[in-house]
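Chains, contacts and geometry: an overview
If you want the building blocks of each chain, they are given just below.
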Amino acid sequence: MRSNNTSNFWSREQSDLFAALHTDSSGLTSDEAQQRLRAIGSNTIVDEPAANIARLALRQLASPLVLILVFGGAVSALLREWVEAAIILAVLLGSTALGFVQEYRASTSVAMLRRRLALTVKVRRDGEVRTLAVSQLVPGDIIELAAGNLVPADGVVLAARDFLVTEASLTGESYPVEKRAGVVELDAPIAQRTNSVFLGTSVRSGNATVLIVGTGERTAFGSVAARLRTAAPDTDFARGVQQFGVLLLRTMLVMVIFVLAINDWLGRPLVESLLFAVALAVGLSPELLPAIISVTLSAGARRMAQRGVIVRRLEAIENLGSMDVLCTDKTGTLTEGLMTLHSACDPTGTASEDALRLAFWNAALETGIDNPLDAALVAAGNRAGLSAVGLRKIDEIPYDFMRKRLTIIVEPVPNRPHLLITKGAFENVLDVCTHLSGATGSQPLNDVERARLESWFREQGALGLRILALATREFSPRREYSRNDEVGMTFVGFLLFRDPPKSEVEATLKALAQRGICVKIVTGDNRYVAAQVARSVGLDAEALLTGAEIGSMKDEALWHRAEETVLFVEVDPQQKERVVRALQHRGHAVGYLGDGINDAPAMHAADVGISVDQAVDVARESADVVLLRPDLAVLCQGVEDGRRTFANTLKYIAITTSANFGNMVSMALATPLLPFLPLVAKQTLLNNFLSDVPSIAISTDHVDEERLLTAQRWHIGELRHYMIVFGLASTSFDLLTFWLFLQVFHAGEAVFQTAWFTVSLLTELSVVLVLRTQGPFWRSRPSRLLMISTATIGALALALPFSGTVASLFGFVPLNMTMLAAIGSITLGYIIATELLKRHYYAESSRRPH
């Protein structure tokens, strides 16, 4: 590639930049672009794969729970207790390897799915406009941007029309900035470079032609990538795990100090006491938690992807499961999204060929946002034999969300007056009209006629028709026009569109309601159409707030009204965001499903942003979850998967922690009462490792239907209560077992440790099957993998004392049939007691405030 110098591009003339980049207004050739791509690389800011692998590996060691294992293994190795060190090392390697494999698989899967959602851009190549992947851009390319696009690289504006760009991601300025062609001062800061666009910003309105001068790492965004790559804020789930870790560390510290102090008081060897304390610390921690979370979330993400829900961030699964309010537009989710032109009418409501022709010209010649309304108009025009071939387009005033109008200026007849054709929202078009088209020509638009038009508009809207208005004005020929010319226009007719509700959507809404999710429609469409759609799908059309009403409300008033309201209509993007924040203020976890640039602020504010893969760039890239089909049924299934994933993760945490806590308390209490340790360190570690192995299969387990009907939340106080109640129940049985072994069987050290190891492991395994469901355990079938793994480890627990060399390595001895029968009876009694306690616990829990 030939060298070029585009430094300070904002302060240089276009001709100078064309020469420096060896390009022109027709763009690069494909061959030249490929040469440049090979020379400078793709237009991406990503880490190398090797760095990703290294980072994933290091991340597995970042958990406090894993660090406990590292500490325990180091102590064992320093004391030359190689069996203990080997067990800890095996657990450590197993946990981190499992977590790494699952997270790597998940990240690879997500990357593959993201490639399906890869951004594209219109590029001039070989003298024609083509749609290419953003990653293929190189310096010297000429691209065309429109509202809804993300700016794919740094560039200078060659031509623009009402081109507003949001640069908050780069400058912090929340208001859009207008960009235009020209030259600015050399020392102008980024925020004042009004002739330039930058990677990572987004187009709010208008359109522009841009010369690319920098891609990938050679952009303003790339220069601050290190700052922008800082970790995202923790989710509620991540904060819950951290709080849980603090709880464990506090409990572990108290227990370890207690055991060390008691052993020292009893005069037991320091090395043996220290190893036992380390084993207690390791035994209390659910050391496979990082791996379990990775397994469960990645399995959930793969399952959801198979059903058409792409999770762009694994943590979003938890947010999706906790959602209890869903805000959505109606088009494409509640309705079919297949817009068709019902009719084009004159101001009296009579079908009009003139209105259809003018609307067709407007839709066929506009170059802004692709939308289903224009597609419907073009299709209707084509069916009617209309054509825009040979029609000279003079200018365009793009659509924006304040005016809600789009205007095309054409020259119908050479060297004759220009015709300005405007279509848009009824009220916004009517506001700029002073005349009314009639059979005898244009006449002044008086109050009576204005009221008649409004009445007809309401009547048709009540029938569920989407309505746009159409207006025109003639001008003496000139080169440029602006939004200021949209005045004194003549109202020429209505455009009526039909988008019927989906046949199955009412059943889907009921299914969401059964799962505790309240659906609210948030739309910029008019109140009459929105109300009719709401009624047709079973929503309350009377619980309605308009954008004007929201605009006049203080936040405190909106907080109360938002919960009661089902329809938010005629709202702008900022009001959509206010609605989301008002619902969050009332304690709701809010999901927002959007596909347009006007949805981006609300999606960003929501707890989980949801989009579809046909959405505009800025909406799709803002989303945590992407639906491959704009279908609420798909989302409903995604919510279930999110709740199932979250519930299974909490199952492992609650059950394992309570069981470990009970065993560790038992050993701590038994230490001063027994003439020997209840278990030596290596037995404690082996017990904890074996009891955790079946837990890996929890990610495949079935979840009670009633748990899928409510939003899943992390309650650290509830988890602490659960751990204490079921942990101390386990301790009670342990102490009874100690008494039985010592007073009835008069067991010595080796027999006692072998018997209690077996009892402890069998009860931990069985309690998983009991506590995995809130109902009677025999009525809820565990997953096949969970059942098989539990049975396998249970059989191993009974076989270990008879394994010869392995048994002697861990200090186990064979047990007689009487002792084995007692172990079986104790395990059965523990299962029955835990089942009864579980019923009482959940009955009390349902009455406790959370």
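Residues numbered from 1 in each chain as written. Predicted model: local features only at pLDDT ≥ 70, side-chain atom pairs only at ≥ 80, totals over all residues. Heavy atoms only, no water.

Thoughts on the overall build of the protein
For the protein, the helix and strand inventory stands at 31 helices and 23 strands. Across the 850 residues in the protein, those meeting the buried criterion constitute 55%. Entry remark: accessible area of the protein is about 35800 Å², with carbon and sulfur atoms responsible for 57%. (Helix = DSSP H or I, 4+ residues; strand = E, 2+ residues; numbered from the N terminus. Buried < 20%, exposed > 50% of the residue type's maximum accessible area, 1.4 Å probe, protein only. Areas by Shrake-Rupley, 256 points an atom, 1.4 Å probe, with all protein chains shown as cover.)

Overview of the pairing of strand E4 (residues 154-166)
Counting buried positions along E4 yields ten of 13 residues, so the element is predominantly enclosed. Direction of pairing for E4 relative to strand E7 (residues 202-214): antiparallel, over a ladder of ten bridges. Residue pairing across strands places Val165 opposite Val203, the latter belonging to E7. Alignment of E4 against strand E6 (residues 196-197), held across two bridges, turns out to be antiparallel. Counted as the bridge partner of Val156 is Ser196 from E6. The pairing of E4 with strand E5 (residues 177-179) spans three bridges and is classified as antiparallel. Paired with Leu164 across the bridge in E5 is Glu178. (Pairing = 2+ DSSP bridges.)

Details of the packing of helix H16 (residues 447-462) against helix H18 (residues 527-536)
Axis separation between H16 and H18 bottoms out at 7 Å; the angle between their running directions is 20°. By the angle between their axes, H16 is roughly parallel relative to H18. Judged by the sense of rotation from one axis to the other, the crossing of H16 with H18 is right-handed. Residues Phe457, Arg458, Gly461 and Ala462 of H16 pack against Tyr528, Val529 and Gln532 of H18. Looking at side-chain class alone, the contact of H16 with H18 contains four nonpolar, two polar and one charged residues. (Axes fitted to C-alpha atoms, helices over the stretch in contact; angles between N-to-C directions. Parallel < 35°, antiparallel > 145°, perpendicular 65-115°, else oblique. Left-handed = near helix turned anticlockwise from the far one by under 90°. Contact = heavy atoms within 4.5 Å. Nonpolar A, V, L, I, M, F, W, Y, C, P; charged D, E, K, R; others polar.)

Regarding the pattern of salt bridges
This model, assessed by the stated rule, comprises 29 salt bridges. As a salt-bridge pair, Arg125 and Asp141 come within 2.8 Å of each other at their nearest N and O atoms. Highlighted residues: Arg125 in strand E1 (residues 120-125) and Asp141 in the loop between strand E2 (128-133) and strand E3 (142-146), separated in sequence by 16 residues. The class of Arg125 is buried, set by a relative accessible area of 4%. A relative accessible area of 0% places Asp141 in the buried class. Linked through salt bridges whose partners overlap, the residues forming this network are Arg515, Glu640, Asp641 and Arg644. (Salt bridge = Lys/Arg side-chain N within 4 Å of Asp/Glu carboxyl O.)

Topic: the packing of helix H27 (residues 716-744) against helix H28 (residues 749-771)
At a minimum axis distance of 11 Å, the contact between H27 and H28 shows a crossing angle of 150°. The handedness of the crossing between H27 and H28 is right-handed. Contact residues: Tyr722, Phe726, Asp734, Thr737, Phe738, Phe741 and Leu742 in H27; Phe752, Ala755, Trp756, Val759 and Leu771 in H28.

Here we look at the environment of Arg38
Structurally, Arg38 is set in helix H2 (residues 30-40). Each C-alpha atom of the pair Arg38 and Val138 lies 9.9 Å from the other, and the pair is 100 residues apart in sequence.

A few points about helix H17 (residues 505-514)
Of all the residues in H17, the buried ones are Val505, Thr508, Leu509, Ala511 and Leu512. Summarising the axial view, the buried residues of H17 lie within an arc of 160°, below the 170-degree limit, and thus occupy one face. In this structure, H17 carries Ala507, Lys510 and Gln514 as exposed residues pointing more than 90 degrees from its buried face. For H17, the secondary structure elements touched by its buried residues are strand E9 (325-328), strand E18 (518-522) and helix H24 (632-670). (Arc of directions from axis to C-beta.)

Here's the deal with the sheet that holds E9
Reading across from one edge, E8-E23-E22-E21-E9-E18-E20-E19 is the order of the eight strands in this open sheet, with mixed pairing throughout. Taken across any chain shown, the strands that pair with only one partner, and hence form the sheet edges, are strand E8 (309-311) and strand E19 (544-546). Neighbour-to-neighbour, the strand axes of this sheet turn through a mean angle of 20°, independent of strand direction. Each of E18, E19 and strand E20 (567-569) is contacted by H18, which is oriented at about 155° to E20, the strand it contacts most. Contacts from helix H21 (residues 573-585) reach E9, E18, E20 and strand E21 (590-593), with the element oriented near 160° to E21.

Description of the environment of Thr737
Mapping Thr737 onto the fold places it in helix H27. Relative accessible area serves as the criterion here: at 2%, Thr737 is assigned to the buried category. Residue contacts for Thr737: discarding those within four places in its chain leaves Trp756, Val759 and Ile826.

Describing the pairing of E18
In terms of burial, E18 is largely enclosed, as four of its five residues are buried. Where E9 and E18 come together, four bridges link them in parallel fashion. Residue pairing across strands places Thr328 opposite Ile521, the latter belonging to E18. Bridging between E18 and E20 involves two bridges; their strand directions are parallel. Within E20, the residue paired with Ile521 across the bridge is Leu567.

Let's talk about unusual backbone geometry
Its identity as a non-glycine residue notwithstanding, Lys404 has a phi of 55°, on the positive side. Take Lys404: it is sitting in the loop between strand E11 (392-397) and strand E12 (405-411). You will see that Asn415, though not glycine, has its phi angle at about 60°, which is positive. By the element assignment, Asn415 lies in the loop between E12 and strand E13 (418-425). For Asn415, a relative accessible area of 73% gives the class exposed.

Focus on the environment of Val256
Along the polypeptide, Val256 turns up in helix H9 (residues 236-265). Overall, the relative accessible area of 17% leaves Val256 in the buried class. Once the C-alpha coordinates of Val256 and Met664 are considered, the two residues, 408 residues apart in sequence, prove to be 9.8 Å apart.

Brief notes about the packing of aromatic side chains
Tallied over the entire structure, the rule returns 20 aromatic pairs. Where Phe457 meets Tyr528, the ring centres are 5.9 Å apart and the plane angle is 85°; that geometry is what we call edge-to-face. Residue Phe457 is found in helix H16, and its partner Tyr528 is found in helix H18; the two are separated by 71 residues along the sequence. Assessed through its relative accessible area of 23%, Tyr528 is described here as partly exposed. Taken together, Phe426, Trp456, Phe457, Phe491, Phe494 and Tyr528 form an aromatic cluster joined through their ring pairs. (Phe/Tyr/Trp six-rings, centres within 6.5 Å; stacked < 30°, edge-to-face > 60°.)

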